[in-house]
Amino acid sequence: MENASKPLLRALSGEALWPPPFWLMRQAGRYLPEYRLLRAQAGDFISLCTTPELAAEVTLQPIRRYGMDGAILFSDILMVPWALGQGLRYAEGEGPLLDPVRDAAGLAALQPEAVRAKVAPILETVARVRAGLAQEAPRTALIGFAGSPFTVACYMVDGKGGKEFAETRRLAYADPALFGKLIRLLVEATVEYLLAQAEAGAEALMLFDSWAGLLPPAQFRRWCIEPSNAIVRAIRKVHPEIPLIGFPRLAGPMIVEYAQRVGVGTVAMDTAMDPRWAAASVPPQIALQGNLDPQAVVAGGPSLEAEARAILAAMRGRPFVFNLGHGIVPPTPPEHVAALARIIRIG
């Protein structure tokens, strides 16, 4: 059985391994000089995400350097609104800019029937990476992903990145019927996208709900837990065996209810989460993933080692995947990532 040879899949399926498997969010990206060379070659970010030979190469770059147990598809959570036909561009220094969807006309202009054809290049990337891993790193598992509906809706409604997403939260209160239609459309598109990734070769799937923590409990249940659970149920009907990871960032104590109700086998902790509390509070059959502060990796040295060892100590004896509490940041020295990898492997 292939899972037996891949530590990440074993941990995501509920096995407590020591030392734990590891991968890092945004492990492929701007902190690597080899990435910056390819990024310049691609021209723009959407082209990089949708040119299979380049996106596959970027996905594999950190595996060659560090030997992570997981390779996460190089793509972006906004590929779903892009595939739905929403105008999307990436402005230098500004991040993503989208044509806002805030009324029935904007919603009606989206094209769910076009999603499968639009994401075909990304699915080719998945297949290329799976083949590349089989040759270069057979113990490394391929993770596919998508944004959770609420987080994706934040960008679609506000029309850009941010910290508060006030327009989205206002719409959810002011017109829950319209916002609910957008969320349901995103559930359906996300299910189709993730199932297609699994068919193309993804061995685990992750849902990123990066802005879940903006919502109070009742709204969190309605717009984060329920849509994520609908996605999980739909995937389980087709692929009951595939490991699923959920990341309700900044959820705080709501992570326990998320873990119990969404149906994922693994829940990722953000940087602010106390891993000792999470280990005691999240049901023991659910694996945890996380949650080193990315800035500790930038700093390196004794601080990095102390923080990493504290997380390892808190998680020993339960299913666990070492990761960061958010993505690697561009100023990270590559040699500090190598040092972290050595610390994790010692256990």
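Quick notes on the rules
Residues numbered from 1 in each chain as written. Predicted model: local features only at pLDDT ≥ 70, side-chain atom pairs only at ≥ 80, totals over all residues. Heavy atoms only, no water. Disulfide = S-S within 2.5 Å. Axes fitted to C-alpha atoms, helices over the stretch in contact; angles between N-to-C directions. Helix = DSSP H or I, 4+ residues; strand = E, 2+ residues; numbered from the N terminus. Parallel < 35°, antiparallel > 145°, perpendicular 65-115°, else oblique. Contact = heavy atoms within 4.5 Å. Nonpolar A, V, L, I, M, F, W, Y, C, P; charged D, E, K, R; others polar. Core = buried A, V, L, I, M, F, W, Y, C linked by side-chain atoms within 4.5 Å. Buried < 20%, exposed > 50% of the residue type's maximum accessible area, 1.4 Å probe, protein only. Pairing = 2+ DSSP bridges. Polar contact = N/O pair within 3.5 Å; in protein donor to acceptor, adjacent residues only side chain to side chain. 1 Å grid on protein atoms, 1.4 Å probe; cavity = no way out; pocket = protein on both sides within 12 Å on 5 of 7 lines; lining within 4 Å. Points joined across faces, edges and corners; volume = space filled by probe spheres on them. Lys, Arg positive; Asp, Glu negative; His and termini not counted. Salt bridge = Lys/Arg side-chain N within 4 Å of Asp/Glu carboxyl O. Left-handed = near helix turned anticlockwise from the far one by under 90°.

> When you look at the state of the cysteines in this model, what are you seeing that I'm missing?
Cysteine pairs can be covalently joined through their sulfur atoms, and such a bond is termed a disulfide. Within the structure shown, the criterion is met by 0 disulfides. With no disulfide of its own, C224 lies closest to C154 among cysteine sulfurs, the gap being 8.2 Å.

> Teacher, can you tell me more about the packing of helix α2 (residues 33-42) against helix α4 (residues 52-66) here?
For any two helices packed against each other, one specifies the crossing angle of their axes together with the interaxial distance. The contact between α2 and α4 brings their axes to 10 Å, and the two run at 175 degrees. Classified by the interaxial angle, the pair formed by α2 and α4 is roughly antiparallel. For the pair formed by α2 and α4, the contact residues are P33, E34, Y35, L38, Q41 and A42 on the first element and L54, E57, V58, Q61 and R65 on the second. When the residues that make up the contact of α2 with α4 are grouped by side-chain class, the tally is 6 nonpolar, 2 polar and 3 charged.

> I would appreciate a short explanation of the nonpolar core in the present structure.
One broad rule of soluble globular proteins: the nonpolar side chains tend to lie buried together. With 136 residues, the main nonpolar core has M206, F322 and L340 as its most contacted residues. In contact with F322, not counting residues within four places along its chain, are P20, P21, F22, W23, G290, L292, A308, I311, L312, L340 and I344.

> Would you mind going over the sheet that holds strand β9 (residues 320-324) with me for this structure?
Strand pairing in a sheet relies on backbone hydrogen bonds, with the paired strands running either antiparallel or parallel. If you walk across this open sheet you meet the 7 strands as β1-β4-β5-β6-β7-β8-β9, and the pairing is parallel. Edge positions in the sheet fall to β1 (70-72) and β9, since each of these pairs with one other strand and no more. Between one strand axis and the next, the sheet turns by 25 degrees as a mean value, whatever way the strands run. Pairing geometry for strand β8 (residues 287-292) and β9, over 5 bridges, is parallel. Bridge pairing in β9 links N291 to N323.

> Which parts of the structure should I look at to understand the side chain of Q86?
Note that Q86 resides in the loop between α5 (79-83) and β2 (88-91). Engagement of the side chain of Q86 in a polar contact is seen with the backbone oxygen of D99, the distance being 2.7 Å. Not counting chain neighbours up to four residues away, the residues in contact with Q86 comprise P81, L98, D99, P100, V101, L110 and M156.

> Explain the layout of surface pockets to me, please; I cannot follow it from the model alone.
Sizing a probe to match a water molecule and rolling it over the atoms shows the empty space that remains. Estimates place the volume of the largest pocket at around 1,500 Å³. Surrounding the largest pocket, 43 residues form its lining, R26, R30, F45, D76 and Y90 being those nearest its centre. Mapped onto the lining of the largest pocket, the elements with two or more residues apiece are α2, β2, β3 (95-98) and α9 (149-158). Considering each element in turn, the lining of the largest pocket owes the most residues, 3 residues, to α2. Looking at the lining of the largest pocket, its residues break down into 22 nonpolar, 11 polar and 10 charged.

> I would appreciate a short explanation of the side chain of D209 in the present structure.
For D209, the location among the structural elements is in strand β5 (residues 204-209). Notably, D209 is buried but unbridged: the nearest opposite-charge side chain belongs to R249, and the N-O separation is 9.6 Å. Not counting residues up to four positions away in its chain, the partners in contact with D209 are S148, F150, T151, C224, S228, F247, P248 and R249.

> I tried to follow the packing of α4 against helix α8 (residues 120-136) on my own but got confused; where do I start?
Running from N to C, α4 and α8 point in directions that differ by 40 degrees, and their axes come no closer than 8 Å. The two elements α4 and α8 meet at a crossing, and its hand is right-handed. Between α4 and α8, the residues in contact are P52, E53, A55, A56, T59, L60, I63 and R64 and P121, E124, T125, R128, V129, G132, L133 and E136, respectively. In the contact of α4 with α8, the residues fall into 8 nonpolar, 3 polar and 5 charged.

> I'm lost on the pattern of salt bridges in this one. Help?
Two side chains of opposite charge can pair, provided their charged atoms sit close to one another. One pass over the full model with this rule turns up 15 salt bridges. One salt bridge connects E203 with R130, and the closest N-O pair in it is separated by 3.6 Å. Taken as a pair, E203 in the loop between α11 (176-200) and β5 and R130 in helix α8 lie far apart in primary sequence, 73 residues in all. Look at E203 and you get buried, because its relative accessible area is 9%. A network of salt bridges, in which partner residues are shared, links K6, R130 and E203.

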